[in-house]
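Structural features, examined
Chain residues, written in single-letter form:
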Amino acid sequence: MSNGTRIARAIVNCAKNLSSDTTDIISGVVTSVSPLRVKVDKLELTETFLIKGALVTKKRIQIGGEEILLWRDLQVGDNVYLLRVSEGQKFFILQRKEGV
């Protein structure tokens, strides 16, 4: 095998590995909260494939004896940003599109 062929194969292999390691930001819509389901394009993702981030999980804090809601849980119809990771086997829900 010539050196040129070896180099060409190495480049092809690197390109294959890079494409499988990338992370995509995609958007979806929450279609159900119990069990959690998010529709992305024509695909509906179930809880098995979803990881909820802190910004989409209900969080309250106490300030000066008063309880304040920082973030609310997801609701049906919420538009969300997701990270596609692990070659599309997991989707991390970052936040709602409106950001609150």
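See the structure shown above.
Here is a short report on the structure shown in this document. (Residues numbered from 1 in each chain as written. Predicted model: local features only at pLDDT ≥ 70, side-chain atom pairs only at ≥ 80, totals over all residues. Heavy atoms only, no water.)

**Notes on the sheet that holds strand β1 (residues 24-33)**
The strand order β3-β2-β1-β7-β8-β4 describes an open sheet built from six strands, whose pairing is mixed. A strand with exactly one partner marks an edge of an open sheet, and here the two such strands are β3 (43-46) and β4 (50-52). Neighbour to neighbour, the strand axes of the sheet diverge by 40° on average, direction disregarded. Pairing analysis gives three bridges linking β4 to strand β8 (residues 90-96), with the strands arranged parallel. Bridge pairing links Leu-50 to Phe-91 in β8. (Pairing = 2+ DSSP bridges. Helix = DSSP H or I, 4+ residues; strand = E, 2+ residues; numbered from the N terminus. Axes fitted to C-alpha atoms, helices over the stretch in contact; angles between N-to-C directions.)

**Notes on the pairing of strand β7 (residues 79-85)**
As paired strands, β1 and β7 are joined by six bridges and run antiparallel to one another. Each residue of the ladder has a partner; that of Ser-27, found in β7, is Tyr-81. By the bridge criterion, six bridges tie β7 to β8 in an arrangement that is antiparallel. Each bridged residue has a counterpart across the sheet, and for Tyr-81 the counterpart in β8 is Gln-95.

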